[in-house]
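# Working through the structure, step by step
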Amino acid sequence: MTADSLFGDSMKSVEIDRSKRLKDDPGKGHNRWHPDITPILEVDTDEEVSLETRDASDGQMNANVTVDDFDGFAGKVGHPLTGPVYIKGAELGDLLEIEYVEIIPQSYGWTRNRPGAGFLRDLFPDPFVAHWEMKDGWAISKELPGVRIPNGSFMGTAGIAPSRAQLEKWTEREADLVRRGGIAFPPDAEDAVPEGAIATEGLRTIPPRENCGNVDAKQLTKGSRLLIPVNVPGALYSAGDGHFAQGDSECCITAIEMGATAVVKFHLQKGEAARNNIIFPRFAHPGYFIAPEWAAPRNFIATMGMPIREDGTQEGEDLTLAARNALVQMIDLLQERGWTKEQAYVICSVAVDLKISNVVDLPNVTVSAFLPEDIFQG
């Protein structure tokens, strides 16, 4: 189904050729954040627009790809975004509201574990891939027989342009983190679109920031509203990295990744960000973001994690360690049921939700991992 078939052919739209990489389809998008990227479309507020988007791999993944192909992939293409879209009247200090009118999935998706990446990267050194077929509102994979994941399509990456001041500030703060031993990905011109100064200065789209970007919030489904403080004239909105479904954490670093078509409508709350000193994005959904039995979920089993190391050392107020332990326990549970370690990790990434159960009962803050039992058929 296309946006045209749903809404008619009068809607403004950006169409792409998904048989081509972003760099070979010029003028349709970018994969770095920068204030000087030229908008590809201009729209009025309250006007609907349809944006076709590529998957996070920029089309390198398909149903025939195996783990042996991973080494030949371009590694710095993520995430190919369609845009930017210039919203007339958007000014610094406004709050841009993006309404997701429709998110239309492609019929193919994928999930992969990439060595050296993901939340449990030290425990999963080997690559793994699951290919998904999406139809009739469900995703199934021959690599995970008996698993069926419901449609919860959303855009994993969506945001607006940073200002020049933000670009410089965020570049420096991430460089400072690296100097202190942390992980961040500095500007890198390899695989960058567009080329030139933007390629060398542009921010990688891997982390979310105050301009939103790669937040991977699974609740941003059809009907949701994303609110971002405007940084530059026209706001310059872009989107990509569609997900058919995802667990809250996306622990193996990928969800059910796909190309998608996002139909969006823009609204402006004039001066709202400046008036109320709103710095970070917000989002809302007037109703359930997915069917109630999946949002809850109705039928689940959960494992708990606390900040206790494998050797028994007690840590305090460490939610990251608690989350790790909750996931490790869930992977163990799934292995008890007959899944391989790698299959279990993927199931967690696409379907298991991490939730903070408490942050006050020191020293053992607790994170729980919720597995919806109804994803298993039969």
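Read on for an overview of the structure. (Residues numbered from 1 in each chain as written. Predicted model: local features only at pLDDT ≥ 70, side-chain atom pairs only at ≥ 80, totals over all residues. Heavy atoms only, no water.)

## Considering the overall build of the protein
Within the protein, the regular secondary structure consists of 7 helices and 22 strands. Rg of the C-alpha trace for the protein: 20 Å, near the compact-globule value of 21 Å for 378 residues, within the 12% margin. When each of the 378 residues of the protein is scored for burial, the buried share is 52%. The contacts of the protein with a sequence gap of at least 6 include a subset with a gap of at least 24, amounting to 79%. Just so you have it, the protein exposes about 16500 Å², and 50% of that area is on carbon and sulfur atoms. Of the side chains in the protein, 36 bear a positive and 57 a negative charge, and the two mean positions are spaced by 2 Å. (Helix = DSSP H or I, 4+ residues; strand = E, 2+ residues; numbered from the N terminus. Rg over C-alpha atoms; globule rule 2.2 N^0.38 Å. Buried < 20%, exposed > 50% of the residue type's maximum accessible area, 1.4 Å probe, protein only. Contact = heavy atoms within 4.5 Å. Areas by Shrake-Rupley, 256 points an atom, 1.4 Å probe, with all protein chains shown as cover. Lys, Arg positive; Asp, Glu negative; His and termini not counted. Charge placed at Lys NZ, Arg CZ, Asp CG, Glu CD.)

## Comments concerning helix 6 (residues 319–336)
Residues that lie three or four places apart on an α-helix share one face, since the helix turns once every 3.6 residues. The end-to-end C-alpha distance of helix 6, which contains 18 residues, comes to 26 Å, matching closely the 26 Å that a straight helix rising 1.5 Å per residue would cover. Taken together, the buried positions of helix 6 are occupied by L321, A322, A323, R324, N325, A326, L327, M330, I331, L333 and L334. Residues of helix 6 that are buried sit in contact with strand 20 (300–305), helix 7 (341–351), strand 21 (353–358) and strand 22 (366–372). For helix 6, the N-terminal cap is D318; the gap from its side-chain oxygen to the backbone nitrogen of T320 is 3.2 Å. Taken from the residues just after helix 6, G338 is the one with a positive phi, measuring 110°. (Expected span 1.5 Å × (residues − 1). Polar contact = N/O pair within 3.5 Å; in protein donor to acceptor, adjacent residues only side chain to side chain.)

## Some details on the sheet that holds strand 5 (residues 48–53)
What the 6 strands build is an open sheet, ordered 1-5-18-7-15-19; its pairing is mixed. Of all strands in the sheet, those with a lone pairing partner are strand 1 (12–14) and strand 19 (282–284), marking the two edges. Put simply, the sheet's adjacent strands are angled 25° from each other on average, direction ignored. (Pairing = 2+ DSSP bridges. Axes fitted to C-alpha atoms, helices over the stretch in contact; angles between N-to-C directions.)

## Section: helix 2 (residues 164–179)
The terminal C-alpha atoms of helix 2 lie 23 Å apart, and with 16 residues this matches the ideal 22 Å at 1.5 Å per residue to within 8%. Close packing links the buried residues of helix 2 with strand 3 (32–33), helix 3 (197–201) and strand 13 (203–204). Following helix 2 by one or two positions, G181 has its phi on the positive side, about 95°.

## Quick notes on the environment of A189
Following the sequence through the fold, A189 ends up in the loop between helix 2 and helix 3. Judged by its relative accessible area of 40%, A189 falls in the partly exposed class. In sequence terms A189 and I103 are 86 residues apart; their C-alpha atoms lie 31 Å from each other.

## Description of the sheet that holds strand 20
Judged by pairing direction, the sheet is antiparallel, and its 3 strands sit side by side in the order 20-22-21 without closing on themselves. The open sheet has two free edges, formed respectively by strand 20 and strand 21, since each of these has just one partner strand. Direction aside, neighbouring strands of the sheet carry axes that sit 30° apart on average. With 6 bridges connecting them, strand 20 and strand 22 associate as antiparallel partners. Among the inter-strand pairings, T303 is bridged to a residue of strand 22, identified as A369. Strands in contact with helix 6 are strand 20, strand 21 and strand 22; relative to strand 20, the strand with the most contacts, it is inclined by about 135°.

## Quick look at the packing of aromatic side chains
Counted according to the given criterion, the structure contains 6 aromatic pairs. Note on F124 and Y345: the rings are 3.9 Å apart at their centroids and 15° apart in plane angle, and the pair reads as stacked. Here Y345 lies in helix 7 and F124 lies in the loop between strand 8 (108–113) and strand 9 (128–135), a separation of 221 residues in the sequence. Each member of the pair, F124 as well as Y345, is classed as buried. Judged by centre distance (6.0 Å) and plane angle (75°), the ring pair of W138 and W294 falls under edge-to-face. Linking W138 in strand 10 (residues 138–140) with W294 in helix 5 (residues 292–295), this pair joins segments that are 156 residues apart in sequence. The ring of F70 carries R112 above its face, with NZ or CZ at 4.6 Å from the centroid. Across from the ring centre of F370, 5.9 Å away, lies the NZ or CZ of K355, which sits over that ring. (Phe/Tyr/Trp six-rings, centres within 6.5 Å; stacked < 30°, edge-to-face > 60°. Lys NZ or Arg CZ within 6 Å of the ring centre and 35° of its normal.)

## Focus: the pattern of salt bridges
Scanning the model with the defined rule gives 30 salt bridges in all. D58 is the partner of R21 in a salt bridge, and the nearest nitrogen-oxygen pair spans 3.1 Å. Of this pair, R21 sits in the loop between strand 1 and strand 2 (29–30) while D58 sits in the loop between strand 5 and strand 6 (81–87), placing them 37 residues apart in sequence. Classification of R21 by relative accessible area gives partly exposed; the value is 21%. R225 is the salt-bridge partner of E97, the closest N and O atoms lying 3.0 Å from each other. (Salt bridge = Lys/Arg side-chain N within 4 Å of Asp/Glu carboxyl O.)

## Section: a nonpolar patch on the surface
A surface patch of nonpolar side chains, about 260 Å² in accessible area, is lined by I183, F185 and I206. Relative to the helices and strands, F185 is located in the loop between helix 2 and helix 3. (Patch = residues over 30% accessible without salt bridge, like charges linked within 9 Å, V, L, I, M, F, W, Y side chains within 5 Å.)

## A short note on the nonpolar core
One finds W132, I149, Y237 and F266 to be the most contacted residues of the largest nonpolar core, which totals 71 residues. The element contributing the most residues to this core is helix 6, with 8 residues. Counting 7 residues, the second-largest nonpolar core is a separate cluster that includes V65, F70, F73 and W110. (Core = buried A, V, L, I, M, F, W, Y, C linked by side-chain atoms within 4.5 Å.)

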